[in-house]
Protein chains: 2
Amino acid sequence: MSEAGAPTAEHDAARADRVVAELRAVLPARTVVADPDVAAAYAHDMAALCAAGRPAAVVLAEDVDQVRDVMRVATRLRVPVVPQGARTGLSGAANAIDGCIVLSLTRMDRILEINPVDRVAVVEPGVVNADLSKAAAEFGLAYPPDPSSWETCTIGGNIGTGAGGLCCVKYGVTAEYVLGLDVVLADGELLRTGRRTAKGVAGYDLTRLFVGAEGTLGVVVRATLALRPAPLPALVLAAQFGSTAAVGRAVASIIEAGHVPSLMELMDATTVRAVNDMAKMGLPEETAALLLVALDTPDPRAELAAIGELCAAAGAFEVLAAEDSEQSAMFLTARRLALPALERLGTCMIDDVAVPRSRLADMLDGVAEISTAYDTAVGVCAHAGDGNTHPIVIFDAADAGATERARAAFEAIMALGLELGGTITGEHGVGTLKRDMLARELGDIGLRTHRAVKAALDPLNILNPGKVFEPGR
Amino acid sequence: MSEAGAPTAEHDAARADRVVAELRAVLPARTVVADPDVAAAYAHDMAALCAAGRPAAVVLAEDVDQVRDVMRVATRLRVPVVPQGARTGLSGAANAIDGCIVLSLTRMDRILEINPVDRVAVVEPGVVNADLSKAAAEFGLAYPPDPSSWETCTIGGNIGTGAGGLCCVKYGVTAEYVLGLDVVLADGELLRTGRRTAKGVAGYDLTRLFVGAEGTLGVVVRATLALRPAPLPALVLAAQFGSTAAVGRAVASIIEAGHVPSLMELMDATTVRAVNDMAKMGLPEETAALLLVALDTPDPRAELAAIGELCAAAGAFEVLAAEDSEQSAMFLTARRLALPALERLGTCMIDDVAVPRSRLADMLDGVAEISTAYDTAVGVCAHAGDGNTHPIVIFDAADAGATERARAAFEAIMALGLELGGTITGEHGVGTLKRDMLARELGDIGLRTHRAVKAALDPLNILNPGKVFEPGR
């Protein structure tokens, strides 16, 4: 650091010391981490190429009162607070800001109630998605949203990002399962939103305002979640297509015929080849797209056969329906291996562009063109039934030129999504990674409205500032 | 009016003239109604006992630009604007305010698009719910939310109130079907929210902030709605119970067993007797509750029989499963006649309290106690599967004492709902009718947050002011 910079660094250090001292004055010592090396471990989530700052302190909150105390200290000192779950996010939303308090909610991990008559769960934010699923299963119930990170990610993080998953095509996303929230506001006040009833329209839908807000409006400290009866085991069909146009036709005709698959996943040629290379699965090398369709109805065979016929009519060169759940699981292995297989080829940036289902083939073709134009490998996995594509940009992070091209391709893919009437993020969120593109998606009036809502709830701009969008005027 | 009041009345008249003149300067003459007698016809919705003011003018808007012009005039003159659909609401949310501009959206009634691959409809706010249903049916699709007024109410009104209906127990409420909105803001700017993709988490969920906001945050001028495959015809079971405890047990055990009925309606003794009196349906007079349960699965007979057994085990003294759709329709006639039958007994105030499903029997018992305590007849219909009860308070509107007791009973029923962990409104909204009770449900921090959001979007407080909650400090 230059000499001119030294006073600032000293000032920063003194400020960090003050933050730690004030936190320690109100919180148990065990909850406040000040050691810079330990704190650094909390600096970022799993997004590639997203900058992260150095926190002044990490608080491992154990209860609501501690969260309120943190926000009161932050308000007094005007220090940014970055709420954090398991840091499995893919957009940098949980990344530290220089001098901030990282507020980790992972220790608040109690499932407070599961009620099978009301079909609700009441949980703390640090509950791991898989733990809730297991607990619900004991009552014959399920909490459907199932992001890939479900075995480690937290419900609080799921709420913050508005997480999706594979089963959303039939059962919906996180937002649809959040009935009510307890939220600590910027000034430390506790807000209760929503309800535990199946229906309710009492006042503004503040609950959903906090879902997907990435901790910029408040800190979720408790959630009442809707559960539903556990689905039956699904039967899976695999179809291979020689062209993107054909798989696009198949997806469209399956939906148009009124089917409601419980899963509908697509892998492009690049992804299929990568999986073959890694796992020797013997998938046809000439495939342009592999489509997996699952049904979890009581007797899915006839309907799955009808879907198979629609695939064939659309141009599938191979259609295989699983005989049983074992074979179904095998079919799904290919999908599960997609990301690990692509990660063997280089550093991966996972994009998350959703387009109207009818534009799926256009999206695949456009991504292929971008891959060529930017001389960057891109493999596509997609929740095809939702039009939610994950183009995965693969590059050599040690090569500055390749990294630059990868970034540019990543941006171009989002721009393509917008052109096709889609959105820059279907389920991963904005964070810092997509902040500039979000401004483009929202437009001036949209951005102005976001800033007005933010200012109304966080007038000092201390809640995860600079995430989702840049602070306004 | 006293002499002291006269100058105010003159001032009001002059102000009204100015509003009309400014509207006529920017809008086609055919869209501006200034005649007080004609305007008076737009003064209120269908809520009993809700005051309504005298509008300065009614604008029958034909397009988005006209709506924007109205809001610009209103901003310039600081005149309140009351957005309005078909005025079938039950909470006074669409009632005029003295000197306001009533902004009727019923002429904006085009269905702009139905896309069976994307499973979306794009509509103007004045489209009648039933017209959208019919149009969707031509593609084998359905728009599920089905308030009782579905044959006349508008989609804009449904969005404003967050309307529900009978099929919500399986298919969800209006909020779950609104993907994106075009909203004219208080200052006349046009905001686009949401998306037309199945999934999307780009920025705050502003879409759902406008759903159920009763026109206090903006004027919805276009909506992108999710559709789903049309359900199969349902088969209905009717069960008669001798006690509220028994019907409560039945509802709980049906849900606990994992069934997902497409309809689950309850009528109490008062309602059953009223229907018998009107339609001579021969329902057992000794019934304490009639429960109707419908399934729309491909082969519902076995599951319906299992539900019948659960009803019997819970204490039903009569269980009858329909043989076919004709008999099913007959069973549902009793439910359809409930309100008309109760209306023969006096003026009806329809309450709308949702409680956790597990507290349904407590709610029914509490309402019966309130009926006795306030010496006021109350019949209860309920969307039992949602815990959403409609206690209907019946009184002689010509009798001031009876009217006062009815009002008090109506309030007491809401207070009971809150005590049982419920909400004062499951699907009808707040308007002016439940404004004071809403403040109680929200609490101080909830109300403060509502006011902050309102001020952020409508700083001059011109959008349906005083609805949902009183303006703050």
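Residues numbered from 1 in each chain as written. Chains lettered and ligands numbered in written order. Predicted model: local features only at pLDDT ≥ 70, side-chain atom pairs only at ≥ 80, totals over all residues. Heavy atoms only, no water.

(A) Highlighting the overall build of chain A. When its secondary structure is counted, chain A shows 15 helices and 19 strands. What you see for chain A is a C-alpha radius of gyration of 23 Å, in line with the 23 Å of a compact globule of 473 residues. The C-alpha extent of chain A, read off along each of the three principal axes, is 70 × 60 × 40 Å. Out of the 473 residues belonging to chain A, those deemed buried represent 60%. For chain A, the share of sequence-separated contacts (at least 6 apart) that also reach a separation of at least 24 residues comes to 72%. As displayed, chain A offers around 17,500 Å² of accessible surface, 52% of which is attributable to carbon and sulfur atoms. Where the 41 positive side-chain charges of chain A centre and where its 60 negative ones centre are 6 Å apart. (Helix = DSSP H or I, 4+ residues; strand = E, 2+ residues; numbered from the N terminus. Rg over C-alpha atoms; globule rule 2.2 N^0.38 Å. Buried < 20%, exposed > 50% of the residue type's maximum accessible area, 1.4 Å probe, protein only. Contact = heavy atoms within 4.5 Å. Areas by Shrake-Rupley, 256 points an atom, 1.4 Å probe, with all protein chains shown as cover. Lys, Arg positive; Asp, Glu negative; His and termini not counted. Charge placed at Lys NZ, Arg CZ, Asp CG, Glu CD.)

(B) Quick peek at a negative patch on the surface. Judged by side-chain charge, Asp 277, Glu 285, Glu 286 and Glu 318 of chain A come together as a negatively charged surface patch. For Glu 318 of chain A, the position within the fold is in strand 15 (residues 316–321). (Patch = residues over 30% accessible without salt bridge, like charges linked within 9 Å, V, L, I, M, F, W, Y side chains within 5 Å. Salt bridge = Lys/Arg side-chain N within 4 Å of Asp/Glu carboxyl O.)

(C) Representation of the relation of the copies chain A and chain B in the model. For these two chains of identical sequence, chain A goes onto chain B by a turn of 180 degrees and a shift of 0.0 Å along the axis, with RMSD 0.0 Å. Both copies are brought into coincidence by an operation consistent with a two-fold rotation axis. Of the interface residues in chain A, 100% have counterparts in chain B that sit at the interface too, so the contact is made through matching surfaces. (Least-squares fit on C-alpha atoms with pLDDT ≥ 70 in both.)

(D) Structural detail: unusual backbone geometry. Residue and element names in this part refer to chain A. A positive phi angle, close to 60 degrees, is found at Leu 49, a residue other than glycine. Among the structural elements, Leu 49 can be located in the loop between helix 2 (36–40) and strand 2 (57–60). With relative accessibility at 32%, the residue Leu 49 sits in the partly exposed group. A positive phi angle, near 55 degrees, is found at Asn 461, a position not held by glycine. Tracing the backbone shows Asn 461 in the segment after helix 15 (435–457).

(E) Structural view of the sheet that holds strand 10 (residues 219–226) of chain A. All names here are of chain A. Pairing within the open sheet is antiparallel, and its five strands lie in the order 5-6-10-8-9. The open sheet has two edge strands with one neighbour each: strand 5 (111–115) and strand 9 (190–194). Strand-to-strand twist across the sheet, computed as the mean angle between neighbouring axes with direction ignored, equals 10 degrees. Pairing of strand 5 with strand 6 (residues 120–123) involves four bridges; the strand directions are antiparallel. Each residue of the ladder has a partner; that of Glu 113, found in strand 6, is Val 122. Taken strand by strand, helix 4 (residues 129–137) contacts strand 5, strand 6 and strand 10, and its axis lies near 35 degrees from that of strand 5. (Pairing = 2+ DSSP bridges. Axes fitted to C-alpha atoms, helices over the stretch in contact; angles between N-to-C directions.)

(F) Structural view of the packing of aromatic side chains. As enumerated under the stated definition, the model contains four aromatic pairs over all chains in all. Residues Tyr 143 of chain A and Tyr 177 of chain A carry aromatic rings whose centres are separated by 6.0 Å and whose planes lie at 75 degrees to one another, so their mutual orientation is edge-to-face. Highlighted residues: Tyr 143 of chain A in the loop between strand 7 (141–142) and helix 5 (155–161) and Tyr 177 of chain A in the loop between helix 6 (168–171) and strand 8 (178–184), separated in sequence by 34 residues. Here Tyr 143 of chain A and Tyr 177 of chain A have matching classes, each one buried. Ring centres of Tyr 204 of chain A and Phe 469 of chain B lie 5.6 Å apart, and the angle between their planes is 80 degrees; this geometry places the pair in the edge-to-face category. Of this pair, Tyr 204 of chain A sits in the loop between strand 9 and helix 7 (206–210) while Phe 469 of chain B is found in the segment after helix 15 (435–457), placing the two residues in two different chains. (Phe/Tyr/Trp six-rings, centres within 6.5 Å; stacked < 30°, edge-to-face > 60°.)

(G) The confidence of the model for chain A, seen in detail. On average, chain A scores 96 in pLDDT, and the residues at 70 or more come to 98%. Interface scoring of the predicted complex returns ipTM 0.96; its pTM is 0.97. (pLDDT = per-residue confidence, 0-100.)

(H) Structural view of the sheet that holds strand 2 of chain A. All names here are of chain A. Overall, mixed pairing links the four strands, which are arranged 1-2-4-3 in an open sheet. Among the strands making up the open sheet, the edge pair consists of strand 1 (32–33) and strand 3 (81–84). Alignment of strand 1 against strand 2, held across two bridges, turns out to be antiparallel. Paired with Val 33 across the bridge in strand 2 is Val 58. Helix 3 (residues 64–77) contacts strand 2, strand 3 and strand 4 (101–104) of the sheet and is inclined by roughly 165 degrees relative to strand 4.

(I) Region of interest: the environment of Leu 304 of chain A. Residues and elements named next belong to chain A. Residue position: Leu 304 is located in helix 10 (residues 301–314). On the accessibility criterion, Leu 304 (2% relative accessible area) is buried. Spatially, the C-alpha atoms of Leu 304 and Val 293 are 8.3 Å apart, while their sequence positions differ by eleven residues. Filtering out sequence-adjacent residues up to four positions away, Leu 304 remains in contact with Leu 235, Val 236, Leu 237, Val 293, Leu 295 and Ala 321.

(J) Broad picture of the interface of chain A and chain B. The interface of chain A with chain B comprises 75 residues on the first partner and 75 residues on the second. For the pair chain A and chain B, the interface holds eight salt bridges. Of the charged contacts in the structure, one is a salt bridge between Glu 427 of chain A and Lys 199 of chain B, with a shortest N-O distance of 2.6 Å. Connecting chain A to chain B are 24 residue pairs in polar contact (both at pLDDT 80 or more). At the level of secondary structure, the elements contributing two or more residues to the side of chain A that touches chain B comprise strand 9, helix 7, helix 8 (244–256) and helix 15 of chain A. Per-element accounting of the side of chain A that touches chain B gives the leading share, 13 residues, to helix 15 of chain A. (Polar contact = N/O pair within 3.5 Å; in protein donor to acceptor, adjacent residues only side chain to side chain.)

(K) Representation of the environment of Arg 196 of chain B in the model. Position of Arg 196 of chain B among the secondary structure elements: in the loop between strand 9 (190–194) and helix 7 (206–210). In the structure, Arg 196 of chain B is positioned 100 residues away from Asp 296 of chain B in sequence and 28 Å away in space, judged by C-alpha atoms. Excluding residues that lie within four positions of it along the chain, Arg 196 of chain B makes contacts with Pro 356 and Gly 421 of chain A together with Glu 113, Asn 115, Asp 118, Val 120, Val 122, Leu 179 and Thr 224 of chain B. In this structure the side chain of Arg 196 of chain B is engaged in a polar contact, spanning 2.9 Å, whose partner is the side chain of Glu 113 of chain B. At 2.9 Å, the side chain of Arg 196 of chain B forms a polar contact with the side chain of Asp 118 of chain B.

(L) A look at the nonpolar core. Formed by 191 residues in total, the largest nonpolar core has its most connected members in Leu 291 and Cys 311 of chain A together with Phe 241, Leu 291 and Cys 311 of chain B. Counting 28 residues, the second-largest nonpolar core is a separate cluster that includes Val 32, Ala 74, Leu 105 and Ala 186 of chain A. (Core = buried A, V, L, I, M, F, W, Y, C linked by side-chain atoms within 4.5 Å.)

(M) Structural view of the domain arrangement of chain A. All names here are of chain A. What the domain assignment lists for chain A is domain 1 (9–104), domain 2 (111–229), domain 3 (235–419) and domain 4 (436–473). One C-alpha centre belongs to domain 1, the other to domain 2, and the line joining them spans 24 Å. Taken residue by residue, the interface counts 13 residues in domain 1 and 15 residues in domain 2. Regarding the contact of domain 1 and domain 2, the summed buried area is about 1,100 Å², with carbon and sulfur atoms giving 67% of it. The largest per-residue losses of area from domain 1 upon contact with domain 2 belong to Val 64, Arg 68 and Met 71, which jointly make up 35% of the total buried on that side. Run the count over domain 1 and domain 2 and you get one salt bridge. In this structure, Arg 68 engages Glu 189 in a salt bridge whose closest nitrogen and oxygen atoms are separated by 3.7 Å. Along the contact surface separating domain 1 from domain 2 lie two residue pairs in polar contact (both at pLDDT 80 or more). (Domains from an automatic or database assignment. Buried area = accessible area lost by both parts, 1.4 Å probe.)

(N) Representation of the packing of helix 13 (residues 360–373) of chain B against helix 14 (residues 400–419) of chain B within the structure. All names here are of chain B. One can describe the packing of helix 13 onto helix 14 by two numbers: an axis separation of 10 Å at closest approach and a directional angle of 155 degrees. By the criterion of interaxial angle, the relationship of helix 13 to helix 14 is roughly antiparallel. Where helix 13 crosses over helix 14, the handedness of that crossing is right-handed. Judged by residue contacts, Met 363, Gly 366, Val 367 and Ile 370 of helix 13 engage Ala 409, Ala 412, Ile 413, Leu 416 and Gly 417 from helix 14. Looking at the contact of helix 13 with helix 14 residue by residue, the classes come out as seven nonpolar, two polar and no charged. (Parallel < 35°, antiparallel > 145°, perpendicular 65-115°, else oblique. Left-handed = near helix turned anticlockwise from the far one by under 90°. Nonpolar A, V, L, I, M, F, W, Y, C, P; charged D, E, K, R; others polar.)

(O) Structural detail: the pattern of salt bridges. Inspection of every chain in the model, using the stated rule, returns 46 salt bridges over all chains. For Lys 199 of chain A, the salt bridge goes to Asp 386 of chain B, with nearest N and O atoms at 3.7 Å. Here Lys 199 of chain A, found in the loop between strand 9 and helix 7, pairs with Asp 386 of chain B, found in the loop between strand 18 (377–383) and strand 19 (388–395), and the two come from separate chains. Several salt bridges share partner residues, and in doing so they unite Arg 18, Glu 22 and Arg 76 of chain A into one network.

(P) Up close: helix 8 of chain A. Residues and elements named next belong to chain A. Here helix 8 contains 13 residues, and its C-alpha end-to-end distance of 18 Å stays within 8% of the 18 Å for a straight helix at 1.5 Å per residue. Listed in full, the buried residues belonging to helix 8 are Thr 244, Ala 246, Val 247, Gly 248, Ala 250, Val 251, Ala 252, Ile 254 and Ile 255. Directly beyond the C-terminal end of helix 8, a positive phi value near 95 degrees is found at Gly 258. (Expected span 1.5 Å × (residues − 1).)

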